[in-house]
Amino acid sequence: MASLIACPHCGPRPKEEFTVRGDAGITRPAPDAGEDAWYAYVYLRDNPRGRHKEHWHHTSGCRRWLVVERDTMTHAIYTVTDASAEGETA
Amino acid sequence: MRYSAFSVFLNALRGNTGWKPAWRSPLPKNHYDVIIIGGGGHGLATAYYLAKEFGVTNVAVLEKSYIGSGNVGRNTTIIRSNYLLQGNNPFYELSMKLWEGLEQDFNFNAMVSQRGVLNLYHSDAQRDAYTRRGNAMRLHGVDADLLDRNAVRQILPFLDFDNARFPIQGALMQKRGGTVRHDAVAWGYARGADSRGVDIIQNCEVTGIRRENGRVTGVETSQGFIGCGKLALAAAGNSTTVADMVDMKLPIESHVLQAFVSEGLKPFIDNVVTFGAGHFYVSQSDKGGLVFGGDIDGYNSYAQRGNLATVEHVAEAGVAMIPALSRVRVLRSWGGVMDMSMDGSPIIDRTHIDNLYLNAGWCYGGFKATPASGFCYAHLIAKNEPHETGRAFRLDRFARGRMIDEKGVGSQPNLH
């Protein structure tokens, strides 16, 4: 994991200030979407070796939820945006 | 050559010029009955039991690097079968029984040391939970002893019993648990498989899986195409990468787990000890180094290295349990890529493709399971039906609501 995460609100901050939640690429299905959609949402993961979008919380900073796109092989961070800018995800 | 005291003596007389490599380095054949992707502990054990127990010898193990370069060479060497749940307990006990006879079985010194595993408890609630676990173990015929504070003090007098926040009240002990020399497990299985005709092909990365009429016909590799009758995945942290080649999405995330070894110390910790108030486990190797670890770093990673924050956290937990560790210097740390399943339990099963088999999702408990995993997987591949102790590890259990949630906290990819 890279040492710094460039928070769009606070600037580059040490990653220890942030808490990871996990995959930001999955979207909560509608309540009546059916078992297959809910199974995929709860259990299945793309788990890429390479670029991966994740939710991170700036716990010790602005306390905003962020979407961090980073490389799971090199740990390099590509983009950091506020989660609200990504539209509705779960 | 069979290893024995006599062979050591005889080779000493010949100036140790008679030793042969423990396994061959063959070129891949055009076709195998079974190809196993992944030359780690589980893949090599599977090949060994396929050849030895099920008479399937036209087998290749494909390893993208050198054998044992993954998690079998990166763990904290602990073996135990102190599991609570029906699906897990008989399986891990089969593994323990196989560990107990392993060195005689594959004629290799794996330094199996049943030094006892102690899980400390720090509260009444935790004692009750460990009582329940111990009773479940004994009902399954596994040894378990609940120790009170004084009994633990006799074994491990240097623990911080009067820690203000987490005083130690006692421990659940499995005396048959212990440690095994991890590299020797890979080497022993490799040698045993090789001597029965299995081809172990190193530096051979699988880049694609060829399919015709809904069946796997072979694999594209860095050493060319190799055909196969059956294909078996045992790729641990890289399971998703391989499963992607057949459009199979897995209930797995890959995470990094770090482990550590200290400078060599005089004999100090005789057992394996785990901290009940934090995530920390430690034993002492025969060279004197303390071997210890903690929890995963917490973010998806395929890199075999972790972060300093986790190093600090593990060190803090260690010192909270054993204050004498505060001046011990850490010699090395390293990371391994864990195939974290969504309920903390593994998968040994068939897949949506007839002749493709899956062994994955070991989280960070795969080392202790190596013999039983290999045995059950070999059974599944050879007979196309699961071994009775591995029946619960189905791929479809998530869809069917039959999770094996040992920790009892619901579905998430950070369980053990």
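Remember, it's a predicted structure, so these values are computed and weren't measured experimentally.

Definitions and cut-offs
Residues numbered from 1 in each chain as written. Chains lettered and ligands numbered in written order. Predicted model: local features only at pLDDT ≥ 70, side-chain atom pairs only at ≥ 80, totals over all residues. Heavy atoms only, no water. Pairing = 2+ DSSP bridges. Helix = DSSP H or I, 4+ residues; strand = E, 2+ residues; numbered from the N terminus. Contact = heavy atoms within 4.5 Å. Buried area = accessible area lost by both parts, 1.4 Å probe. Salt bridge = Lys/Arg side-chain N within 4 Å of Asp/Glu carboxyl O. Polar contact = N/O pair within 3.5 Å; in protein donor to acceptor, adjacent residues only side chain to side chain. Core = buried A, V, L, I, M, F, W, Y, C linked by side-chain atoms within 4.5 Å. Buried < 20%, exposed > 50% of the residue type's maximum accessible area, 1.4 Å probe, protein only. Patch = residues over 30% accessible without salt bridge, like charges linked within 9 Å, V, L, I, M, F, W, Y side chains within 5 Å. Areas by Shrake-Rupley, 256 points an atom, 1.4 Å probe, with all protein chains shown as cover. Axes fitted to C-alpha atoms, helices over the stretch in contact; angles between N-to-C directions.

Trainee: Describe the pairing of strand β10 (residues 215-221) of chain B, and please don't skip the residues or the numbers.
Mentor: All names here are of chain B. Relative to β10, strand β9 (residues 206-212) is paired through six bridges, and the arrangement is antiparallel. Bridging across to β10, R210 finds its partner in G218. Bridging between β10 and strand β11 (residues 224-233) involves four bridges; their strand directions are antiparallel. In the sheet register, V219 faces β11, and the bridge partner there is I226. In textbook terms, the turn of a hairpin is the stretch between consecutive antiparallel strands, and for β10 and β11 this stretch comprises two residues.

Trainee: Can you tell me about the interface of chain A and chain B, naming the residues and giving the values?
Mentor: The extent of an interface is frequently quoted as the accessible surface area lost upon association of the parts. In this assembly, 22 residues from chain A lie in contact with 25 residues from chain B. Taken over both partners, the interface formed by chain A and chain B buries close to 2,100 Å², and the fraction arising from carbon and sulfur atoms is 51%. Summed over the three residues of chain A that lose the most area to chain B, namely Y43, N47 and R49 of chain A, the buried surface amounts to 34% of that side. On inspection of chain A and its partner chain B, the count reaches two salt bridges. One salt bridge connects D46 of chain A with K249 of chain B, and the closest N-O pair in it is separated by 3.1 Å. Where chain A touches chain B, the interface holds eleven residue pairs in polar contact (both at pLDDT 80 or more). For the side of chain A that touches chain B, the secondary-structure elements that each account for two or more residues are β3 (19-23), α1 (35-43) and β4 (51-57) of chain A.

Trainee: Please provide a residue-by-residue account of the nonpolar core, values included.
Mentor: Counting residues in each nonpolar core, the largest one holds 82 residues, and the members touching the most others are I35 and L231 of chain B. If you look at the next biggest cluster of nonpolar residues, it comprises 23 residues, including V152, L156, M173 and F280 of chain B.

Trainee: Tell me about a nonpolar patch on the surface, and name the residues and values.
Mentor: Together, M1, V8 and W19 of chain B make up an exposed nonpolar region whose accessible area comes to about 290 Å². The residue W19 of chain B is located in the loop between α1 (5-13) and β1 (31-37) in this model.

Trainee: Any details on the sheet that holds β4 of chain A? Residues and values, ideally.
Mentor: All names here are of chain A. If you trace the four strands from one edge of the open sheet to the other, you get β3-β4-β5-β6, paired in antiparallel fashion. Only two strands of the sheet have a single neighbouring strand rather than two, namely β3 and β6 (77-82). Ignoring strand direction, the axes of neighbouring strands in this sheet form an average angle of 30°. Sheet topology note: the β4/strand β5 (residues 65-71) ladder contains seven bridges and is antiparallel. Each residue of the ladder has a partner; that of K53, found in β5, is E69.

Trainee: Quick one: what's the story with the sheet that holds strand β15 (residues 289-300) of chain B, residue by residue and with numbers?
Mentor: Residues and elements named next belong to chain B. The mixed open sheet is built from eight strands, whose spatial order is β5-β6-β4-β13-β14-β15-β12-β16. Single-partner strands in this sheet number two, and they are β5 (145-148) and β16 (330-341). Within this sheet the neighbouring strands show an average axis-to-axis angle of 25°, counted without direction. In this sheet, strand β14 (residues 281-284) lies alongside strand β13 (residues 272-274) in antiparallel orientation, the contact comprising two bridges. Bridge pairing in β14 links V273 to V282. Docked against the sheet, helix α8 (residues 308-321) engages β4 (117-121), β12 (252-264), β13, β14 and β15, running at close to 135° with respect to β15.

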